[in-house]
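# Structural description and commentary
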Amino acid sequence: MNPAEAVAVFAVMAYLVVVALLLGSFINMAADRLPRGESITQPRSHCRSCGRVLNLVDLIPVAGYAIRRGRCASCGASIGASAPAVEAACGLSMLVALATLGLASGALAGSAAIALLGAGAVGWSFARAGARRESRSD
Ligand SMILES: [Zn+2]
């Protein structure tokens, strides 16, 4: 691989890790909304406590949580550490897969890992919502 090819491969890998982080953010949103029977397309991402629509800084995976110190910038409501944890897990899954398997196989394995993470996170969220409903009806 010549230096130009190496730079191109690195750029594609970096892009895939960014996409993985954004998919983690999407998984968080889906895990939050689907068990409540809410749409995953409308409305725009917002604070559950005060309704403020999230801006670009809030939506940066992992770093947005760190910049906001885990709280809503308007009302100070806690965001919950699971959000950056899921985002980081997705980003790391892709990074590790690419680093160990190379571009093609790594992209496939990383995508599969993220799909499993997503299914696990959404499934876990449904189970938690079911447990909450059961404890309320007791
Ligand atoms: Zn808020």
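A quick note: this is a predicted structure, and the numbers were derived from the prediction, not measured.

## Comments concerning the confidence of the model for the protein chain
Reading predicted coordinates in detail is not appropriate for stretches of low pLDDT. Here the protein chain shows a mean pLDDT of 95. Residues at 70 or above account for 99%. Ranking the helices and strands of the protein chain by mean pLDDT puts helix α4 (residues 82-101) first, with 97, and helix α5 (residues 103-137) last, with 94.

## Topic: helix α1 (residues 3-33)
Taking 1.5 Å per residue as the helical rise, α1 with its 31 residues ought to reach 45 Å, and the 45 Å between its terminal C-alpha atoms agrees with that figure. Every buried residue of α1 is accounted for by Met13, Leu16, Val17, Ala20, Leu21, Leu23, Gly24, Ser25, Ile27, Asn28 and Ala31. Summarising the contacts, the buried residues of α1 are in contact with α2 (56-59), α4 and α5.

## Observations concerning the nonpolar core
Leu16, Val17, Ala20, Ile27, Val86, Cys90 and Met94 are the most contacted members of the largest nonpolar core, which totals 18 residues. Looking at this core, the elements with two or more residues in it are α1, α4 and α5. At 8 residues, α1 tops the list of elements feeding residues into this core. Among all residues touching Ala20, those that are not within four sequence positions of it are Cys90, Gly91, Ser93, Met94, Gly110 and Ile114.

Rules and cut-offs
Residues numbered from 1 in each chain as written. Predicted model: local features only at pLDDT ≥ 70, side-chain atom pairs only at ≥ 80, totals over all residues. pLDDT = per-residue confidence, 0-100. Helix = DSSP H or I, 4+ residues; strand = E, 2+ residues; numbered from the N terminus. Expected span 1.5 Å × (residues − 1). Buried ≥ 20, exposed ≤ 12 C-beta atoms within 10 Å, placed from the backbone. Contact = placed C-beta atoms within 7 Å. Core = buried A, V, L, I, M, F, W, Y, C linked by C-beta atoms within 7 Å.

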